[in-house]
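Structural features, examined
Each chain, written out:
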Amino acid sequence: MTKLLLINAGSSSLKWQLVNMPAEHVIAAGQVERLNLPGTIVKVEVGHQKTKEVVETLDEIAAIDRVLKRLITVGGVQTLDEVEAVGHRVVAGGTLFKGPIKLTPSRIDQLRGLSELAPLHNPLEVKCIELLAQRLSGVPQYAVFDSAYFQGLPEKTAIYGIPYDWTKKYQIRRYGEHGISHQYLANRAAEMLKRPLSELNLITMHLGSGASITAVKNGQPFDTSMGLTPVTGVMMGTRSGDVDPTIVPYLMKRLGMETPEVVIQELNASSGLLGVSGVSSDMRDLHDAAKSNQRAKLAMDMFVNQVVKLVGGYYTEIGGADALVFAGGIGEKDPVIRQAIIDGLGVLGIKINQKLNEADHTGFLEAQDSRAKVMLIPTNEELAMARGVQLLMDTEK
């Protein structure tokens, strides 16, 4: 048995698990929510024991140190020496990495070089890797890539309408993100539907502070909302989603900015729900604020509309869907948003059971006369990561 620590650092949360592999027995797990926001929430679960505390604002690095301390204090391990391997979710692997890898100094440098493809994630994930190399000296570390799932997208959905020479020379394509989650959701949906994945058309929605939508045709990813970088697709907590690219030079002139990187940073870190509402990047805060704040309500309405537009387009693109799958912090925990999205898709004959939806019922949420299944599946990126790392460790023996 190997005690494997899994680190999943996202744009607003950090999830982790300590797992005995290959038995897939979860020893301890937890989540740090509202990173870089007031009132960071730290949750830990060991067996049936659950703890929750609200602390001052934590960033990702402080959150990892908190996790390591909690591993000992809650009984996950007696000493950190018991941790035998670490697995990291890494967003962008570009064309360099098409599957899980064992991390070495040169590969860490390569990840740092891919930061342009995921400016909010790859630099942070490299910091997490380097921090754990210090805290757990000598423990092997592995990376599992979000982008790997989308390597096989059909060219007609993977590339952009730019000169084809640019596409090939500069490797400009739709890399997609949240692939670990979307792959897990597709496999889990097939299990729950009791049908071979290869026979299914699915639309999986990973909706959280980072949000992406994927169309799965005959069991394979066919299209996805994030592109060269994670800023594209539906608007998110702080990311703009799709915008006209000429906004960049336009704002450079109007705001007196000398480089496009400044505008790109604003599209990544100051836009989306936060930028429109002026209140928060967290959907929970917007629900509270929307009662008296029109901009907060507008941000929520825009989010729902953009999801409906993408899902409706994908539904047509793949010739209909057997099931729509909700996951992610918003997808799993926000019945109001789920209801609004399915209501917006009513023209397709897709309907939700209001009682099941309001109960946050895991599993099937559709009404009896819905044309497609509607599913709520809590994503488990950590389990998918653990399986990827285990396969790699098996080849090392």
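Numbers given for residues are sequential positions, taken from 1 along each chain in its written order. Note on the predicted model: pLDDT of at least 70 is required for a residue's local features to be given, and 80 or more for side-chain atom pairs to be given and counted; whole-chain, interface and lining totals, by contrast, use all residues. As a rule here, side-chain values come from all non-hydrogen atoms in the structure, and water together with hydrogens is ignored.

For the protein chain, an unreviewed UniProt entry supplies the name Acetate kinase and the organism Secundilactobacillus pentosiphilus. UniProt positions are given in the numbering used here, feature names are shortened, and annotations may be inferred rather than shown by experiment. The Catalytic activity (unreviewed entry) field of the UniProt record for the protein chain holds the comment "acetate + ATP = acetyl phosphate + ADP". Checking UniProt for the protein chain, the heading Subunit (unreviewed entry) contains the comment "Homodimer."

1. Things to note about the domain arrangement of the protein chain
What the domain assignment lists for the protein chain is domain 1 (2-145) and domain 2 (184-381). Domain borders in the structure are assigned automatically or taken from a domain database. Of note, the centres of domain 1 and domain 2, computed from C-alpha atoms alone, are 25 Å apart. Counting residues at the interface gives 18 residues for domain 1, matched by 16 residues for domain 2. Throughout, buried area stands for the accessible area (probe radius 1.4 Å) lost by two parts on being put together, summed over both. Counting each side, the surface lost to burial between domain 1 and domain 2 is near 1200 Å², with a carbon and sulfur contribution of 42%. Whenever Lys or Arg places a side-chain nitrogen within 4 Å of a carboxyl oxygen from Asp or Glu, that contact is recorded as a salt bridge. Between Arg 34 and Asp 285 there is a salt bridge whose closest N-O contact spans 3.0 Å. The term polar contact refers here to a pair of N or O atoms within 3.5 Å; inside protein, the definition further demands a hydrogen-donor-capable atom paired with an acceptor-capable atom, and it admits residues adjacent in sequence only when both atoms are side-chain atoms. The interface formed by domain 1 and domain 2 includes 6 residue pairs in polar contact (both at pLDDT 80 or more). The numbering of helices and of strands both runs from the N terminus, where a helix is a DSSP run of H or I of at least 4 residues and a strand a run of E of at least 2. Where the side of domain 1 that touches domain 2 is concerned, the elements lending two or more residues are β2 (14-21) and β4 (40-46). A per-class count over the side of domain 1 that touches domain 2 returns 7 nonpolar, 5 polar and 6 charged. Contacts between residues were defined by any pair of non-hydrogen atoms, one from each residue, lying within 4.5 Å. Amino acids are sorted into nonpolar (Ala, Val, Leu, Ile, Met, Phe, Trp, Tyr, Cys and Pro), charged (Asp, Glu, Lys and Arg) and polar (every other residue, Gly among them).

2. Structural notes on the packing of aromatic side chains
Stacked, tilted and edge-to-face are the three classes applied to pairs of Phe, Tyr and Trp rings, where Trp contributes its six-membered ring and a pair requires centres within 6.5 Å; stacked means planes under 30 degrees apart, edge-to-face means over 60, and tilted covers the rest. In this structure the tally under the stated criterion is 2 aromatic pairs. A ring pair is formed by Phe 97 and Phe 145, whose centres lie 5.1 Å apart and whose planes are at 10°; its orientation type is stacked. Separated by 48 residues along the polypeptide, Phe 97 in the loop between β6 (85-90) and β7 (101-102) and Phe 145 in strand β8 (residues 141-145) bring together distant segments of the chain. Each of the two residues, Phe 97 as well as Phe 145, counts as buried. Both a distance and an angle decide whether a charge sits over a ring: NZ of Lys or CZ of Arg must be within 6 Å of the ring centre and within 35 degrees of the ring normal. Of note, Lys 217 hangs over the ring of Phe 222, and the distance from its end group to the ring centre comes to 5.1 Å. The side chain of Lys 373 reaches across the aromatic face of Phe 364, ending 5.6 Å from its centre. Type-normalised accessible area, obtained with a 1.4 Å probe on protein chains alone, sets the label of each residue: buried when under 20%, exposed when over 50%, and partly exposed for intermediate values.

3. A short note on the pattern of salt bridges
Across all of its chains, the model carries 23 salt bridges by this definition. When salt bridges that share partners are traced, they join Glu 33, Arg 34, Lys 43, Asp 282, Arg 284, Asp 285 and Lys 333 into one network.

4. A short note on the UniProt feature "binding site: ATP" (unreviewed entry) in the protein chain
Annotation from UniProt places "binding site: ATP" (unreviewed entry) at Lys 15, His 206, Leu 207, Gly 208, Ser 209, Gly 210, Asp 282, Met 283 and Arg 284. Counting through the fold element by element, His 206 comes out in strand β9 (residues 202-207). Contacts of His 206, omitting those with residues within four sequence positions, involve His 178, Ser 181, His 182, Ala 211, Ser 212, Ala 327, Gly 328, Thr 379 and Glu 381. Looking at His 206, its side chain comes within polar contact range of the side chain of Ser 181, at 2.8 Å. Tracing the backbone through its elements, the reader meets Asp 282 in the loop between α9 (272-277) and α10 (283-289). In contact with Asp 282, not counting residues within four places along its chain, are Arg 34 and Leu 37.

5. Description of the packing of helix α7 (residues 247-255) against helix α8 (residues 260-269)
Note on definitions: angles span 0 to 180 degrees between N-to-C directions of axes, and those axes are lines fitted to C-alpha atoms, for helices only across the stretch in contact. Here α7 crosses α8 at 110°, and the two axes come no closer than 9 Å. Relative to α8, α7 is oriented roughly perpendicular. When the axes of α7 and α8 are compared, the crossing they make is right-handed. The segment α7 lies against α8, with Val 248, Leu 251 and Met 252 engaging Pro 260, Val 263, Ile 264 and Leu 267. Each residue belonging to the contact of α7 with α8 can be placed in one class, and the counts come to 7 nonpolar, no polar and no charged. An angle counts as roughly parallel when it lies under 35 degrees, as roughly antiparallel when it exceeds 145, as roughly perpendicular when it falls between 65 and 115, and as oblique in every other case. The hand of a helix crossing depends on one turn: near helix anticlockwise from the far one by less than a right angle means left-handed, and clockwise means right-handed.

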